[in-house]
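Coordinates in review
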Amino acid sequence: MHIFDILGPVMTGPSSSHTAGAARIGYVSYRLLDDMPAEADIYLHGSFATTGTGHGTDRALIAGLMGMKPDDTRIPDSFAIARERGLSFSFSTIEINDAHPNTALLRLVGKSGKKLEVQAASIGGGRIRIQKLDGVDLNFSLEKPTLIVHNMDKPGCVAAVAGLLSDKKINIASMQLYRDGKHGRAVMVLETDQFISPEAAEFLSHTEGILKVTYFNSEEI
């Protein structure tokens, strides 16, 4: 049992699953986009769709997309703040086969034109699980320091990441590899036992074949 299952996270409520979890989904999506979002089309599945409005799920998702965390007191006012910042957003309902009841699908466009699609679920106690990135099936929770590497599916990329972590004396707790097709785009998700420095993550982002690197230190979300 996770401690959040007993005490719940520090948050602006009312619900750890529908509010805090939703804010985390928005915040993680904002970080993965690596840009200030200009457009957000958000699709709610299951309980998020049926009871989310009453629990502030919609406002929490928008707050997260603007970089707010679950304890931010501005969450109830996030719609107005988003409009002031030029974020255009919409909400719809969707049915996703075999998805967790508290699932959101976010289709984002950043101010510089970057695009991102994220499917994630709030699994209780404010915890979340990322299920898809840009259509690629994933499965990670960000409960440990986590490095997410987008790369081309070509020899050398995995070795470059593993080699850098070895040089920095960082132990890999788990490693997942995903791709959308042979020689296409791929994603590595690495959970580590130690924190990774911003300098190390930045160095990886300039490695041949690596398209983007995002690092979460697990304490910041």
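All of the points below concern the structure found in this document. What you see as residue numbers is a count from 1 along each chain, following the sequence as written. In keeping with the predicted nature of the model, local features appear solely for residues at pLDDT of at least 70, side-chain atom pairs appear and are counted solely at 80 or more, and the whole-chain, interface and lining totals rest on all residues. With hydrogens and water stripped out, all remaining heavy atoms of the structure feed into the side-chain values.

1. Remarks on unusual backbone geometry
- Look at K169: it is not a glycine, yet its phi comes out positive at around 60 degrees.
- Looking at where K169 falls in the secondary structure, it is placed in the loop between α6 (157–167) and β8 (172–179).
- One non-glycine residue, H183, lies in positive phi territory at about 65 degrees.
- The numbering of helices and of strands both runs from the N terminus, where a helix is a DSSP run of H or I of at least 4 residues and a strand a run of E of at least 2. Among the secondary structure elements, H183 is positioned in the loop between β8 and β9 (185–192).
- Here the term buried applies to any residue with accessible area under 20% of the maximum for its type, exposed to any over 50%, and partly exposed to those in between, with areas from a 1.4 Å probe on protein chains only. Judged by relative accessible area, which is 58%, H183 ranks as exposed.

2. Quick look at the sheet that holds strand β4 (residues 115–124)
- With mixed pairing, six strands are arranged side by side in an open sheet as β2-β1-β3-β4-β5-β6. Two strands lie at the open edges of the sheet, namely β2 (88–93) and β6 (136–140), each paired on one side alone. Going from strand to strand, the sheet's axes swing by 20 degrees on average, the running direction of each strand aside.
- What makes two residues a contact is simply this: any of their non-hydrogen atoms within 4.5 Å. To define axes, lines are fitted to C-alpha atoms, for helices over the stretch in contact only, and angles between the resulting N-to-C directions are given on a 0 to 180 degree scale. Together, β1 (37–46), β2, β3 (102–110) and β4 form the strand contacts of helix α3 (residues 47–55), whose direction differs from that of β1 by roughly 115 degrees.
- Of the strands in this sheet, β1, β2 and β3 touch helix α4 (residues 57–65), which is tilted by about 145 degrees from β1. Strands pair, by our definition, only if DSSP identifies at least two bridges between them.

3. Things to note about the packing of aromatic side chains
- Note on ring pairs: Phe, Tyr and Trp rings are taken, using the six-membered ring of Trp, and paired if centres are within 6.5 Å. Classes follow the plane angle, with under 30 degrees stacked, over 60 edge-to-face and the rest tilted. Per the counting criterion, the structure on display carries four aromatic pairs.
- On the numbers, 4.9 Å between centres and 40 degrees between planes, the contact of F79 with F89 is tilted. With a gap of 10 residues between them, F79 in helix α5 (residues 78–84) and F89 in strand β2 connect regions that are remote in the sequence.
- When its relative accessible area of 14% is taken as the criterion, F79 is described as buried.
- Judged by centre distance (6.1 Å) and plane angle (35 degrees), the rings of F79 and F91 are tilted. Taken together, the positions of F79 in helix α5 and F91 in strand β2 put the pair 12 residues apart, joining distant regions of the chain.

4. Concerning the environment of Y215
- One can find Y215 in strand β10 (residues 210–216).
- Considered as a pair, Y215 and A201 are 14 residues apart in the sequence and their alpha carbons are 7.0 Å apart.
- Here Y215 is in contact with R31, P145, T146, L147, Q194, F195, I196, A201 and E220, once residues within four sequence places are set aside.
- Polar contacts here mean pairs of N or O atoms no more than 3.5 Å apart (in protein, one a potential hydrogen donor and the other a potential acceptor; neighbouring residues in sequence count only if both atoms are side-chain atoms). Within the local environment of Y215, its side chain forms a polar contact with the backbone nitrogen of I196, the two atoms lying 2.9 Å apart.

5. Quick notes on the pattern of salt bridges
- The term salt bridge refers to a pairing of a side-chain nitrogen on Lys or Arg with a carboxyl oxygen on Asp or Glu at a separation within 4 Å. For the coordinates displayed, the defined rule picks out eight salt bridges.
- E143 serves as the salt-bridge partner of R127, at 3.9 Å between the closest nitrogen and oxygen. Here R127, found in strand β5 (residues 127–133), pairs with E143, found in the loop between β6 and β7 (146–152); they are 16 residues apart in sequence, far enough to count as distant.
- Judged by its relative accessible area of 17%, R127 falls in the buried class.
- Overall, the relative accessible area of 37% leaves E143 in the partly exposed class.
- Notably, a salt bridge pairs R179 with D153, separated by 2.7 Å at the nearest N-O pair. Of the two residues, R179 is situated in strand β8 and D153 in the loop between β7 and α6; the sequence distance between them amounts to 26 residues.
- On the basis of relative accessibility, which here comes to 48%, the residue R179 falls in the partly exposed class.

6. Here we look at the side chain of D58
- Position of D58 relative to the elements: it lies in helix α4.
- Non-local contacts of D58, meaning those with residues more than four positions away in its chain, are made with G52, T53, F79 and F91.

7. What to know about the sheet that holds β10
- Read across the sheet, four strands follow the order β8-β9-β7-β10 without closing on themselves; strand pairing throughout is antiparallel. Edge strands, defined here as strands with exactly one partner in the open sheet, are β8 and β10. Pairwise comparison of adjacent strand axes, ignoring direction, gives a mean angle of 15 degrees for this sheet.
- Bridge count between β7 and β9: seven bridges; the pairing is antiparallel. Directly across from M152, in β9, lies its bridge partner R185.

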